[in-house]
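Summary of the model geometry
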Amino acid sequence: MFGLEQVTVVVVTHHSAHCLAGLNALLQHCPRVIISDNASNDGTPEQARALWPQAQVLAHPLNLGFGAANNRALARVSTPFAFLLNPDCEISKEALLALMNVAQEMPEAALLAPQLVGAKGQAEVNYRWPNTLWASRGPAAEGPACVGFVCGAAMLFRMDRFATVGFFDENFFLYYEDDDLCLRLFKARLPMLVVPSIQALHRSRGSVKGRAPWKSEYVRGFHHAQSKLIFEHKHGTLAQALMQRRRLLWSTGLALPFRALLFSPKRLCRMWGRWMGLMRWTPHAAH
């Protein structure tokens, strides 16, 4: 049976000090931990060092983005497995060991993921087939299932299976980096498994709690729009990306006045960020 000494837990943080207590239930038991911090101003690196003396804390002076910060940590992993965990996800030591035991039973799997559940215990749709090929439909998986995509919030990597495909494409600053990685694994015929019996709590959108929440929403909207177009260009065609951009500009432009009238500041900031992300996107950003 695999043990925790064979896995390195990687957590990318950004203004995530409020999440550290929730992560402690797992990380206090893990001998190998890497915290890759994207220029937090809330004391996240210092608190992480105090909580987990065994951890490597990479305090980046600038926000590198989600994929790039994961890549910096993955470059330091020497164990057979790496478990990538978002700060807003919580999973028990027993659940992680159970996931590793499934990996032992299915050595061909490059990536394994637990079932994500929300704060109220509801199952999230954190896996599917690649959207570029066909739409997923039908009932939820009842046992370990081979899939074409899993959400990047909690993923177990079998490190030696990534030699041919690499890790995250750093053109994606935030969002769609997991779509891109999973599609590359799928095309390389490297299996990805979801294990519904193993669960992780996901407090969605809870990983960042900075001093400027409206700015954070703007940034979310901006990078979601940019990454969507980068993905479309990379895995489709320039014509498809430009058509998607026109469609999103039209729908966002129509919706913005209604958001302003309803005065939902967070949603308005996110939508304005989306508009600016669409306006500032240029095709060369895709490669």
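The notes below deal with the structure included here. Just so it is clear, the structure is predicted and the values come from calculations on it, not from any experiment. (Residues numbered from 1 in each chain as written. Predicted model: local features only at pLDDT ≥ 70, side-chain atom pairs only at ≥ 80, totals over all residues. Heavy atoms only, no water.)

All right, on to the pairing of strand β6 (residues 111-117) then. The side chains of a regular strand alternate between the sheet's two faces. A large share of β6 lies buried, amounting to seven of its seven residues. Examined bridge by bridge, β6 and strand β10 (residues 154-158) share two bridges and lie antiparallel to one another. Looking across to β10, one finds that Leu-112 is bridged to Leu-156. Pairing analysis gives seven bridges linking β6 to strand β11 (residues 192-202), with the strands arranged parallel. What sits directly across from Leu-111, in β11, is Met-192. (Buried < 20%, exposed > 50% of the residue type's maximum accessible area, 1.4 Å probe, protein only. Helix = DSSP H or I, 4+ residues; strand = E, 2+ residues; numbered from the N terminus. Pairing = 2+ DSSP bridges.)

Moving on: the pattern of salt bridges. Pairing between side chains of opposite charge can happen when their charged atoms approach one another. Scanning the entire structure with this criterion turns up eight salt bridges. A salt bridge links Arg-128 to Asp-179, with the shortest nitrogen-to-oxygen separation between them at 2.6 Å. In this pair, Arg-128 sits in strand β7 (residues 127-128) while Asp-179 sits in helix α5 (residues 177-187), placing the two residues 51 residues apart along the sequence. The pair Arg-128 / Asp-179 is uniform in exposure class, with both members buried. Asp-169 is the partner of Lys-234 in a salt bridge, and the nearest nitrogen-oxygen pair spans 2.7 Å. Here Lys-234 is found in helix α6 (residues 213-235), whereas its partner Asp-169 is found in the loop between β10 and α5, with 65 residues between them in sequence. Taking relative accessible area as the criterion, Lys-234 reaches 26% and is therefore assigned partly exposed. Accessibility expressed as a relative area gives 15% for Asp-169, which makes it buried. Look at the salt bridges and you will find they share partners, linking Asp-169, Asp-180, Arg-184 and Lys-234 into a network. (Salt bridge = Lys/Arg side-chain N within 4 Å of Asp/Glu carboxyl O.)

What follows deals with the environment of Pro-139. In this structure, Pro-139 sits in the loop between β7 and β8 (145-147). Spatially, the C-alpha atom of Pro-139 lies 31 Å from that of Lys-234, the residues being 95 residues apart in sequence.

Let us look at the environment of Arg-76. Along the chain, Arg-76 falls in the loop between α3 (66-74) and β4 (81-85). You can call Arg-76 partly exposed: its relative accessible area is 48%. With 115 residues separating them in the primary sequence, Arg-76 and Pro-191 have C-alpha atoms 24 Å apart. Look past the residues within four positions of Arg-76 in its chain and what remains in contact with it is Ile-34, Gln-56 and Leu-58. A polar side-chain atom of Arg-76 sits 3.2 Å from a polar atom in the side chain of Gln-56. (Contact = heavy atoms within 4.5 Å. Polar contact = N/O pair within 3.5 Å; in protein donor to acceptor, adjacent residues only side chain to side chain.)

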